[in-house]
Amino acid sequence: MDFLRRLFGGGAQSGDPVGMYYYVRPHGCEEIVRVRIDRNNDLSLNDDGTFWVHKVVRGSKCRQQVEMDLYFDSSRRFREANLTHGDLVGEAEYQAWLEAAEKPAP
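From a predicted model like this one, the values you see are computed outputs, not experimental measurements.

The rules behind these values
Residues numbered from 1 in each chain as written. Predicted model: local features only at pLDDT ≥ 70, side-chain atom pairs only at ≥ 80, totals over all residues. Heavy atoms only, no water. Disulfide = S-S within 2.5 Å. Helix = DSSP H or I, 4+ residues; strand = E, 2+ residues; numbered from the N terminus. Buried < 20%, exposed > 50% of the residue type's maximum accessible area, 1.4 Å probe, protein only. Salt bridge = Lys/Arg side-chain N within 4 Å of Asp/Glu carboxyl O. Phe/Tyr/Trp six-rings, centres within 6.5 Å; stacked < 30°, edge-to-face > 60°. Lys NZ or Arg CZ within 6 Å of the ring centre and 35° of its normal.

### Description of the state of the cysteines
A disulfide bridge is the covalent bond that connects two cysteines by way of their sulfur atoms. Taken as a whole and judged by the stated rule, the model has one disulfide. Each sulfur in the disulfide pair Cys29 and Cys62 lies 1.7 Å from the other. Highlighted residues: Cys29 in the loop between strand S1 (19-26) and strand S2 (33-38) and Cys62 in the loop between strand S4 (51-57) and strand S5 (66-72), separated in sequence by 33 residues. Cys62 matches Cys29 in its accessibility class, with the two residues each being buried.

### Structural notes on the pattern of salt bridges
Under the definition given, this model contains six salt bridges. One salt bridge connects Asp73 with Arg77, and the closest N-O pair in it is separated by 3.0 Å. For Asp73, a relative accessible area of 11% puts it in the buried group. Among the residues examined, Arg77 registers a relative accessible area of 39% and is labelled partly exposed. For Asp73, the salt bridge is made with Arg79, and the minimal N-O distance between the two is 2.7 Å. One network of salt bridges, with partners in common, ties together Asp16, Arg36 and Asp38.

### A closer look at the packing of aromatic side chains
Both the distance between ring centres and the angle between the ring planes are used here to describe each pair of aromatic rings. One pass over the full model with this rule turns up four aromatic pairs. Grouping aromatic residues by their ring pairs yields a cluster made of Tyr22, Phe72 and Phe78. Positioned above the aromatic ring of Phe51 is the side chain of Arg76, whose terminal nitrogen or guanidinium carbon lies 4.4 Å from the ring centre.

Next up, the structure:
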């Protein structure tokens, strides 16, 4: 499952040890939205000792709303994601989108 975490994010950013970051592209949009999950406050405990979180994501440029359910094991490690109207993308794809968005139009 470390492969999924590396591919779709979920790792702590430097200076933010409790944040887990995921990158979402709404269907029909080029924008990629970075979503922060607080591992101590955002996760809900399931009856079986695992965790989950539900987020509604909307970007600033694209108004398409994405519903995101993320599932974690008992150690709060990412296991699975279910998204409606969007897809998880990797951090590299997010960085490439940021660089392209910052370039001035010709």
